[in-house]
Every structure is written in structure tokens, then in C-alpha cells.
Amino acid sequence: MDLLPGDSPQILRKGKQRFRSLKLVNVNGEDLLSDTPYGVEYGRLANGLTYYVRINSKPRMRAALALAVKVGSVLEEEEERGVAHIVEHLAFSATTKYTNHDIVRFLESIGAEFGACQNAVTMADETVYELFVPVDKPELLSQAISVLAEFSSEVRISADDLEKERGAVLEEYRASRNANGRMQAAHWALMMEGSKYADRLPVGLEKVIRIVTPETVKGFYKKWYHMQNMALIAVGDFQDTQSVVKLIRTHFEDKVSSFDAPTLPRFKVPLHAEPRFSSFVESEAAGSAVMISCKIPVDELKTVKDYRNLLAESMFFHALNQRFFKLSRANDPPYFSCSAAADVLVLPTKAYIMTSSCKQKGTTEALKSMLVEVARVRMHGFSERELSIARSLLMSEIESAYLERDQVQSVNLRDEYIQHFLRNEPVVGIEYEAQLHKTLLPQISAFEVSKYAENFRTSFNCLIKAIEPQVASTVDDLRNVVSWVNSLEMEGSISPWTEEMIPEDIISVLPNPGHVVQQFECSSIDATELILSNGMRVCLKCTDFFDDQVLFTGFSFGGLSELQENEYFSCSMGPTIAGEIGVFGHRPSILLDMLAGKRAELGTSLGAYMRSFSGDCSPSDLETALQLVYQLFSTDLIPREEDVKIVMQMAEESVRAQERDPHTVFLNRVREINYGKSYFFRPIKIGDLRKVDPVRACEYFNSCFKDPSTFTVVIVGNIETAVALPLILLYLGGIPRPPNPVMSFKRDELKGLPFTFPSTVIREVVRSPMVEAQCSVQLCFPVELKNEKMMEDVHLTGLMCKLFETKILQVLRFQHGQIYSTGVSVFLGGNKPSRVGDIRGDISVNFSCDPEIATTLVNLALDEIQRLQEDGPSDADISTVLEIEQRAHENGLQENYYWLERILRSYQSRIFSGDVGASFKIQDESRIQVRKTLTPLTAKMALQRIIPYPCKKQYTVVILMPKTSRIKRLKAFFKSTDAKILMGIAGSALVAHSIWRYYQRVYKS
């Protein structure tokens, strides 16, 4: 197999030719990789601050900034556990220049949204503050760098600041104590046992978060936050690098510590000769799983030989994961999914990790299969075909990166320089990396790749863990499996890997090409629309945003809403069953090898009112992607018993996991209250699964993708019409049109979902058993948009959601300090996509908080929303919302995803009447008009119109609370004043009853 899959001459793109003509390099294994990072202005100030500055125009007029600090939770003392994370929070709260989260407000006022564009992360060894800001005005970059300078040495840590932020930190801690968090914490403690890392998770201890003093926090900050422990990284659309370096000097050069910084200590993670075993029971777990983790020291990456080893290691994981996928798709598979990877856990330690999810009581079988497969590699290695596929995958990845080397996002480049500073990872440039790939990959032998299986030896530095919702396997069971597999390997009783036969071509017989019936030029979106001879409509938009990207989506009206209740669940399982069989004419395990080295993906979706397929490919692999579409329409799926069995097992495990998960139970109740008890909205039960008819499911799926005349396909990306058109005519135009229409629906005649929002106020608490107390809130308001102002109101609704999110966060977090974050979303799919009639849906506000204050916070949120309805937002609020929306729009205009979504929305819009350009223009003009006319007064009027006014007259709020045991409720009851009064009454009654019984006995005698 060729390293680079062959292409027919007519579609061999210039980019691919440039990559193939890239010269090999003459290197020696001992040659050093450059210490100096590539493509960046790199230096150090006199005070020790390291800086990186690079010009990059993706996206235009934006900069990705970061302050990387070599200070993490491992530096904390026992009484400081969680303080590194608290410092990170306080940085955004108050500094010398900014107070009461003014930093957040300022950044949002220039369009840098909180969370998405201004964020930070604390880890065991480091803390990183990140900003993504516009730089189209001269002062903005200077202001953003000044914010990071404030973080470096000017964080204000007063008693009031700390008290305001405790609630947010506690809520983040509480969120980390869900099922996944508990499992990760337990695994971390076992992996790091014997080192300081073991009990230094960044989130810290609850007791420390609650009582830590400002002096302790300030002491940690002053001790470790020194310039020599920091780097300022700036990557963006700058005119030159020197002016940015000058700004860094202006804001950082005078920051000198009053005392010498202590040397950063290095902490070791001790190795262990014997394997460690754990059988972890987690009642809220999403299912049963097995995890194998083997610790090794972190590899140095300094020489060409080190780079070659890294490539060989990558080939190992690619080849091993290919095997795991095929095993998961075999008859009676040992697990539903399995994967392996290497990950640097902390500065000195890396882990080889294998994880599988399996059926209930299936952990020992999963573990057996995982260990046997790694032992098989140790004994027999990988085949030449497996290695060739792994090479092809790696070569495909580096080719794509090389072709888009001038279109790399600034945040990605910023992250490379962060790792250079924190981990000494070399940055040699994508051109040199591509040359190394082309030079070294063909030289790597099967032996070099297979030897990495030695790192999965269970005899030392290994942790084997089973995770189950109920006890099914013990530590002894796990230990016995390991002994059994070791015996098989020692005896040589493991046979070589058996390979499947792989067809050469995706399509065995080429279709008869169609032809273009009509062609339209859509100047408003710079696109071409084609009507093909089989009735399919295709819209092509050529862009130059990314040289190696083509995106496409095809849709047709008519979906699950047309089904009766007795077949709904069967048909809704169609995509799942079909995916297991292979929707593109080949089983998934076969197709995996057929697509090796090609970048072509395709997926399907069935919704209430539409069915669709979506794909992503390299321009040179457009033919392969369109072949998959042809196969989707021309394959008739017939379920096999083995396929159905696997799907139903997975579905049953999923349903059981949802029933165990408190949050899923909560969301199901929210859906039931807001949308009714229709079978479209109620959660699927085990009983429903057992009634599924797999034959009917496949018949329905086949019919969903059968008639090309009902589909509209939008293709956006780096395509040349002269190259793409023959492929479109062959594989899309060649899809045969059935003699009679199949699932051909008129959008105005679709069956609407039974959607009825409650007409009054509903407040409900859902109590669910929990291992640790969690509380989630969902507050919903009905939305009804009238047809006459539809387009403007759709845009207004989006802006009002952003306003709600901003203001509720200000109240609940910045004022009251009781939540970590909030989300506001809008659903406008409550009725069919008809060209007439109103749009119905809802706006949802959600957040998590302390269970004790949930009701109080709901009332505060309602008060703020009603205040906005009555008084309107401020001018500053409107300016912030408009700025965030505009900046997101500007970024989107440089993305293929954004254009694909906008063109699809133009076709699907109720104003579409055959001219997609006109539909697009109307929507664009509506957005501009809304922005022009949005003021505090028009926003107030919109809020009164879009949701009920006043908002407190019609809404639903559902609160997820922990379900306490009877004993806990009794303890709480006995502590209360009312309980004491009642116990006094009960005591008097008991005395009276005793006297009465005494006189009764006397009377009888």
C-alpha cells in the first residue's frame, strides 16, 4: 500500500502535488532539534519574563494571548490545598486597576466573551490565563496585555474579594464531585500514590475553600508568582512583532519582586514493582469500564532519533486502535469500544492508557481481550498491511497540516508556544515536520513499532481498574485474568492476528452520470446552484479559508414526526442499527481499512422534520466522500441477528446508565413538563427497546435516503468547479431516482410535534439519590414569534439570550458569588417548518448551585429578567451584546462551517421560495436592521413581546436536589425548633397515655 493513496490525475490538486514534491531531509539520529522556537520573536526581559510574539492572520484582526505560569497545585502545602485555583479565580475578580469583575466587563465590552474568549486553567504543574481579543483598534492590544500584566503581580486578595469568589469556587468543586469526577480522583490517587501529586488535585479540598484566609492565599501568590516563572505569548494579526514586544516591555518590565524567587521544586512519582488493582463501584457510572494505566518516565524530545521514536509510538497506537475497533465490531464482542493512548500526566510522568466500555458484568472479559491483544503484538507484531495503514494515517494528517500551514488558527500556534515554555517541547515548524515525516516514516520497521507494547507490561508500574455501577468483579478476579494472560503469553498460546479481505473499491460498478438541468449564479453568496437530472439540488460555494477542507450537508424535509407511536421507537433506532451494519455498503471494520490515508467522513441524522447527511473531506478526497453518499442512497440494509444483538446490548446499557444518572432523570422531567408526555419527548425505556423491530428500522432508514429528488446538498470549501462538477454528476447525479416518490413531503404539510408549554407557573423539585449532593436548575419561558416580524425576532431572540446570560451571570456570580457559570439557550422547533404560522419554542436558563440556596437564586434570576422587561438594559449592556455578536460574526465569516450553516438556513427558512440568494439576503438584512435599531428601549419592548410579560406569570422551573435518606431526614428533623416543640407535645401525650394505661390495669384488677 502506498504511503499516500493514489489519485486519478484529474483530481490531483496543486496542494497535494506541492506536498509530494516536498524534498526529503538528510538527517542523522543524533541531530539536535532546535531549542529556539520556529517562526516567533522569542526572548526574555531583564526581570526574567519570557515572551513569544508571532504574526498570524487567522483569524483576521484577532490576537490569541496567554500568560503561562509554572505554578500549579503541587506547590501547595496541606493548608493551601485549592489555593492555586483560588488565585486564578481572584485574578478575574479584582486587581490593582480593576475591581468587582471589571476585567470581565471590559473584555466583554470589546467582544471577548467570558468563558469562550477569556478563561484560565489550573493544573498540577501550571496555571495558564488565556485571552482571545480583537485588535482592529490600536489601544485594544495594549489593554489586553495590561490585563495579563495585572494577573502576573497585581491580583488583589482582600477578605471581601475572597468571600465573593468562594461560592463560585465551591460550585466548581461541587461539580467536580459527580460520577466522572469521583472516578478520576480515585484513579489519580492510585496512579500518583507515594508522591505529593497524589493529594494535590487542582480543585482542592472543600474545607480549605470554605475557611482559607486572605493571608494564606496572598502568601502563596507572592511566594510563587515571579517573572522568571512566567511567559507572555502573543499570536495574532499584528503589523509587526517589535511593536508588540514594546508593549510587553511597557506593561511588564517594571515588575520586579521584592525578594528572590524560590527555586521551583521537582516532585517525583515513585515507580512500583507490583501491579495495582482496583475494583471501583460507582452507582452513578454511565456503564461498566476497564482502565489499564502503565507509568513511564516522560520521554525527552531533543534529537531526530527522539522524533522518530515519537512517530513509531504514534504508529503503534494507530495500529492497536484499528484492532480494537475491529474487535468491538465482531460477533459477541468483548466490549462496546476500546482505545489506547499515551498521555503526559505530570512533569515527570507519562502513562500508557487503555480504556474500554463494556456490558454489565463484562469487565473481566473486556480486560482479558485487552491484555491478550497487547500480548499478541508483543509475540507476533503488526502485519505489513497494518503498518502501511498506520503510515498512511500519519502521512494524511501531516499532509493536511502542511497544506494549511499558512491558515493555522492563532490559538493553536499560541498553544504550541505554551508547551514550549512549560514542557520544553520543540517547535520546529510544520515544513520541517512534514519533511521529517516523509523521510522517517518509510524507515520505521515493524519491530520498532511493536516494541511499544512492552510499555503495557502488567508486571510493573501498572494499574488495572474495573469500574462498575454494581459489584461484579473483585480485585482477585482482575488479578486472575492477568495471571491467565501472562501464562498464555509464556506458553506461546496466542495466535497471530487474522486479517480480513479488503475490497479495492468502495463502488464496484460506477453509476451512469447525470447531467445539469438548470444552473443559477447566486451573486449575494458567491455560489452556484445546480439542478441535476435526478432532481437533486446542489449548491457550490468555493472558499479559500482552508486549503484542505471541504464541508457538505444534504437535507430533505420529512422525518420522525410523520411516524405513528407504534413504529416510532423502531424507526428512531434505524441510524444506530444501520451504523452497525454499514450504511455505505461495507461493514464499518472493512470501511475503516478502505479509507486509511484518506480524509473523508460522512454521517447521517434523522430529526423530527428533516433527515440529513453531513461530510468533511480533503479536496483531493472529494471523490471518495461523494462515493460514500452514492453508497448511502444505493445500499439496502438488511439486519443480521448479530448486528441487532450488539446494538440492543449497547442501547440497554445506555438506558440503564440514564436511569442511574441523576442529571438525566432531571432533564427528562424538564422535557416532560415543558413538552408534554408525548412519545416524541419521553425517555426511552427498556420495554421500548424490546419492542423494536429491526427489519422495520432498516426499511425506514433505507427509505430516508432513497429519493435524490427530495434532497438539497450544500458544498462549501476549497473546491474547483471544473474538478468537482464531473464528480458531482457521476456520484450525486448518478443516484437513481425511484419510479415513485419516496418520502417526498411538502414542508407546509408536515405533521407538527405535540408541543404545548404550560400556561401557568410550575415549580418542581426533582429529588434523586446521589452519592454526593449536586443541584441543577432549569428555568424556562415560552417563546412565540409572530409571522409578520419573524426574521427580525429570530435575530432579536438570539441577542436577548446573550443579554440574559450576561446579566444573570453578573447577578448570581459577580454580585452574590454563588454560581460558577450559567447558560442560556433557545429552542425554536416547537412547530413544523411551515411557511405560515408562528414560531413556538422556549428560552432556558440553567445553572448549578448549592442545594440550600437554589430557590433563592431562581428568584434572583426572575427578578433580574423582570427588571430587564420593566426598565430595560443599559446602554453599556446593549453595546456589550452587540459587540460579542459582531465579533463572533466576523470570526464566522472566515470559517467554512459558518457559511455552510448560513446557506443551509437560507434554504430551510420559511421565506425561501426558490431563490437561495434572495433568502440569504433577507436574513442578512434582518440581522443588520436589528443591530441598527437595538437600543435599551427596543430591547425592553422585545423582552416584553418574546417571552411572557411579566415573566413571573408564566414559566417553569425544575430543580434537581439530592434525595436524602430517612435517617438523615430524621436527624435534620430532630435538630429543628419545630421538632423540639412536637417532641414536647409527644412526651406529654406519652405521659398521659401511661397514666391512662395504669388506671386501666387497676380498674381491671
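Residues numbered from 1 in each chain as written. Predicted model: local features only at pLDDT ≥ 70, side-chain atom pairs only at ≥ 80, totals over all residues. Heavy atoms only, no water.

Caption draft 1: Representation of the overall build of the chain within the structure. When helices and strands are counted, the chain shows 33 helices and 23 strands. Here the C-alpha radius of gyration of the chain, 31 Å, is about what a compact globule of 1005 residues would show, namely 30 Å. Seen along its three principal axes, the alpha-carbon backbone of the chain occupies a region of about 105 × 75 × 70 Å. When the 1005 residues of the chain are sorted by exposure, 55% land in the buried category. Taking all contacts inside the chain whose residues are at least 6 apart in sequence as the whole, residues at least 24 apart take part in 84%. Summed over all atoms, the accessible surface of the chain reaches about 43,100 Å², with 52% contributed by carbon and sulfur. Considering the chain, the positive charge centre built from 114 side chains and the negative charge centre built from 127 side chains are found 5 Å apart. (Helix = DSSP H or I, 4+ residues; strand = E, 2+ residues; numbered from the N terminus. Rg over C-alpha atoms; globule rule 2.2 N^0.38 Å. Buried < 20%, exposed > 50% of the residue type's maximum accessible area, 1.4 Å probe, protein only. Contact = heavy atoms within 4.5 Å. Areas by Shrake-Rupley, 256 points an atom, 1.4 Å probe, with all protein chains shown as cover. Lys, Arg positive; Asp, Glu negative; His and termini not counted. Charge placed at Lys NZ, Arg CZ, Asp CG, Glu CD.)

Caption draft 2: Seen up close, helix α21 (residues 641-660). Compared with the 28 Å implied by 1.5 Å per residue over 20 residues, the 29 Å span of α21 between its first and last C-alpha is a close match. For α21, the complete set of buried residues consists of Asp643, Val644, Ile646, Val647, Met648, Ala651, Glu652, Glu653, Val655, Ala657 and Arg660. On its buried face, α21 sits against β10 (349-358), α18 (574-581), α22 (662-675), α23 (686-689) and α24 (694-704). (Expected span 1.5 Å × (residues − 1).)

Caption draft 3: Highlighting the nonpolar core. Residues Leu65, Tyr129, Val133, Ile248 and Phe252 are the most contacted members of the largest nonpolar core, which totals 123 residues. Broken down by element, the residue count for this core peaks at 13 residues, all from helix α26 (residues 790-815). Setting aside its immediate chain neighbours within four residues, Ile248 contacts Leu45, Leu49, Tyr51, Val53, Ile145, Leu232 and Glu253. In terms of nonpolar packing, the next biggest core, distinct from the first, is built from 92 residues, Val629, Phe680, Ile715 and Met743 among them. (Core = buried A, V, L, I, M, F, W, Y, C linked by side-chain atoms within 4.5 Å.)

Caption draft 4: Structural view of the pairing of strand β11 (residues 462-468). For β11, a buried count of seven out of seven residues is recorded, marking the element as mostly surrounded by other parts of the structure. In β11, alternate side chains face the same way, and those of Cys462, Ile464, Ala466 and Glu468 on one face and Leu463, Lys465 and Ile467 on the other are all buried.

Caption draft 5: Expanded view of the packing of aromatic side chains. The final tally for this structure, using the stated rule, is 34 aromatic pairs. Counting every residue linked through ring pairs, the aromatic cluster contains Phe316, Phe317, Tyr352, Phe382, Tyr452 and Phe456. In this structure, Lys70 is placed above the aromatic ring of Phe421, and the distance from its NZ or CZ to the ring centre is 4.4 Å. Its end group placed over the ring of Phe280, Lys465 keeps NZ or CZ at 4.7 Å from the ring centre. (Phe/Tyr/Trp six-rings, centres within 6.5 Å; stacked < 30°, edge-to-face > 60°. Lys NZ or Arg CZ within 6 Å of the ring centre and 35° of its normal.)

Caption draft 6: Broad picture of the environment of Lys691. Following the sequence through the fold, Lys691 ends up in the loop between α23 and α24. In the structure, Lys691 is positioned 125 residues away from Asn566 in sequence and 9.2 Å away in space, judged by C-alpha atoms.

Caption draft 7: Geometry of the confidence of the model for the chain. Looking at the chain, pLDDT values average 92 and 94% of them are 70 or higher. Per-residue pLDDT stays below 50 along residues 1-12; that stretch engages in 30 contacts with residues further than four places along the chain or on separate chains. (pLDDT = per-residue confidence, 0-100.)

Caption draft 8: Representation of the sheet that holds strand β8 (residues 288-297) in the model. Pairing in this open sheet of five strands is mixed, and the strands run β7-β11-β8-β10-β9 from one edge to the other. Two strands lie at the open edges of the sheet, namely β7 (276-281) and β9 (337-346), each paired on one side alone. With direction set aside, neighbouring strand axes in the sheet form an average angle of 20°. Helix α6 (residues 179-191) rests against β7, β8, β9, β10 and β11 of the sheet, and its axis sits at about 160° to β11. Relative to β7, helix α16 (residues 475-491) is tilted by about 135°, and along the sheet it contacts β7 and β11. (Pairing = 2+ DSSP bridges. Axes fitted to C-alpha atoms, helices over the stretch in contact; angles between N-to-C directions.)

Caption draft 9: Geometry of helix α11 (residues 363-380). Taking 1.5 Å per residue, 18 residues should reach 26 Å; α11 reaches 26 Å between its end C-alpha atoms and fits that length. Where α11 terminates, the next one or two residues include Gly381, which has phi positive at roughly 75°.

Caption draft 10: Region of interest: unusual backbone geometry. The step from Lys58 to Pro59 runs through a cis peptide bond, and the omega angle for that step is 0°. Relative to the elements of secondary structure, Pro59 occurs in the loop between β2 (50-55) and β3 (62-69). Residue Pro950 is reached from Tyr949 by a cis peptide bond, and omega for that bond is -5°. Inspection of the secondary structure puts Pro950 in the loop between α31 (936-946) and β23 (956-962). In the Ramachandran plot, Asn100 falls in the positive-phi region, its phi being about 50° despite a non-glycine side chain.

Caption draft 11: Molecular detail of the sheet that holds strand β18 (residues 712-717). The seven strands lie next to each other as β12-β13-β14-β18-β15-β17-β16, forming an open sheet whose pairing is mixed. Edge positions in the open sheet fall to β12 (516-522) and β16 (600-606), since each of these has one partner strand only. Recorded for the sheet is a direction-independent mean angle of 15° between the axes of neighbouring strands. Sheet topology note: the strand β15 (residues 550-557)/β18 ladder contains six bridges and is antiparallel. Across the sheet, Val550 pairs through a bridge with Gly717, a residue of β18.

Caption draft 12: Structural view of the pattern of salt bridges. Scanning the entire structure with this criterion turns up 66 salt bridges. Arg640 is the salt-bridge partner of Asp643, the closest N and O atoms lying 3.0 Å from each other. The exposure class of Arg640 is partly exposed, given its relative accessible area of 34%. Ionic pairing is found between Arg682 and Asp688, a salt bridge with its closest N-O pair at 3.0 Å. Take Arg682: its relative accessible area is 30%, and that puts it in the partly exposed class. The structure contains a network of salt bridges with shared partners spanning Arg62, Asp136, Glu883, Arg887 and Glu890. (Salt bridge = Lys/Arg side-chain N within 4 Å of Asp/Glu carboxyl O.)

Caption draft 13: Seen up close, the pairing of strand β14 (residues 537-542). By the bridge criterion, four bridges tie strand β13 (residues 527-532) to β14 in an arrangement that is antiparallel. Counterpart to Leu530 in the pairing with β14 is Val538. What sits between β13 and β14 in their antiparallel hairpin is a turn of four residues, with Gly535 showing a positive phi close to 95°. Looking at chain direction, β14 and β18 are connected through six bridges and run parallel. Bridge pairing in β18 places Lys541 opposite Val716.

Caption draft 14: Local environment of the state of the cysteines. Enumeration over the complete set of coordinates arrives at zero disulfides. Cys522 takes part in no disulfide bond, and the closest cysteine sulfur, belonging to Cys539, lies 5.6 Å away. For Cys522, a relative accessible area of 7% corresponds to the buried category. Its sulfur unpaired, Cys704 is 7.9 Å from the next cysteine sulfur, which belongs to Cys571. Among the residues examined, Cys704 registers a relative accessible area of 1% and is labelled buried. (Disulfide = S-S within 2.5 Å.)

Caption draft 15: Spotlight on the side chain of Lys706. Counting through the fold element by element, Lys706 comes out in the loop between α24 and β18. Within the structure, Lys706 has its side chain in polar contact with the side chain of Asp636 (distance 2.8 Å). With residues near it in sequence (within four places) discarded, Lys706 still touches Phe633, Thr635, Asp636, Pro736, Pro738 and Val742. (Polar contact = N/O pair within 3.5 Å; in protein donor to acceptor, adjacent residues only side chain to side chain.)

Caption draft 16: Quick peek at the environment of Val69. Here Val69 is to be found in strand β3. Val69 gets classed as buried once you look at its relative accessible area, which sits at 0%. On a C-alpha basis, the gap between Val69 and Asp260 in space is 17 Å, while along the polypeptide they are 191 residues apart. Those residues in contact with Val69 that sit more than four places away from it in its chain are Asp125, Glu126, Thr127, Tyr129, Tyr225, Asn229, Met230 and Leu422.

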